[in-house]
Amino acid sequence: MSGSDITPEILKTIEILETLETLLDNAPSCEVEAILQEAWIKVSETFPDDFKEATREDAGAEGLRRYIRIKAFFENPAQNPISPEELEAYYRNRAPVDEDSAEFFFPE
């Protein structure tokens, strides 16, 4: 994916997801929250496959924006620098969860 593949439509859709995330955080009832969650899922399904794959574990607006920055970095590192922390966060969210280790941190 090149920088030209990041269309205004994709950027606007990320903004919509971010708005839905804010609304979800402030939903006045479980029913409203469920409706907003369904809308969020339907909107997130409109992204290209590479976005869906790359952000599978970090599919919020922040993860999608991070993916755009990481892609731009790998296309032209000199023109699109990122921090080591940002690259680590991207790969951390790409790594599968080790359920045995997770159980240690989140005992039942």
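Coordinates for the structure precede this section.
Residues numbered from 1 in each chain as written. Predicted model: local features only at pLDDT ≥ 70, side-chain atom pairs only at ≥ 80, totals over all residues. Heavy atoms only, no water.

A. Representation of the overall build of the chain within the structure. Helices and strands together make up the secondary structure of the chain, namely 6 helices and 0 strands. Starting at the N terminus and walking to the C terminus, you meet the elements of the chain as α-α-α-α-α-α. Across the 108 residues that make up the chain, the buried fraction comes to 24%. Considering only contacts in the chain between residues 6 or more positions apart, those separated by 24 or more positions represent 48%. Of the accessible surface of the chain, which amounts to about 7700 Å², a share of 55% is contributed by carbon and sulfur atoms. (Helix = DSSP H or I, 4+ residues; strand = E, 2+ residues; numbered from the N terminus. Buried < 20%, exposed > 50% of the residue type's maximum accessible area, 1.4 Å probe, protein only. Contact = heavy atoms within 4.5 Å. Areas by Shrake-Rupley, 256 points an atom, 1.4 Å probe, with all protein chains shown as cover.)

B. The side chain of Arg66, seen in detail. Looking at the secondary structure, you find Arg66 in helix 4 (residues 61–75). Judged by its relative accessible area of 9%, Arg66 falls in the buried class. In contact with Arg66, not counting residues within four places along its chain, are Asp58, Glu86, Ala89, Tyr90 and Asn93.

C. Seen up close, the pattern of salt bridges. Counted under the stated rule, the structure contains 10 salt bridges. The shortest N-O distance in the salt bridge between Lys12 and Glu15 comes to 3.7 Å. Taken together, the residues Lys12 and Glu15, both in helix 1 (residues 8–25) and 3 residues apart, mark about one turn of the helix. Taking the shortest distance from any N to any O, the salt bridge between Arg65 and Glu18 comes out at 3.2 Å. Remark: Glu18 occurs in helix 1 and Arg65 occurs in helix 4; sequence separation between them is 47 residues. Taking the relative accessible area as the measure of exposure, Glu18 reaches 37% and is therefore partly exposed. Within this structure, Glu53, Arg56 and Glu57 form a network of salt bridges that share partners. (Salt bridge = Lys/Arg side-chain N within 4 Å of Asp/Glu carboxyl O.)

D. Representation of the environment of Leu17 within the structure. For Leu17, the location among the structural elements is in helix 1. With 23 residues separating them along the chain, Leu17 and Trp40 place their C-alpha atoms 6.2 Å apart.

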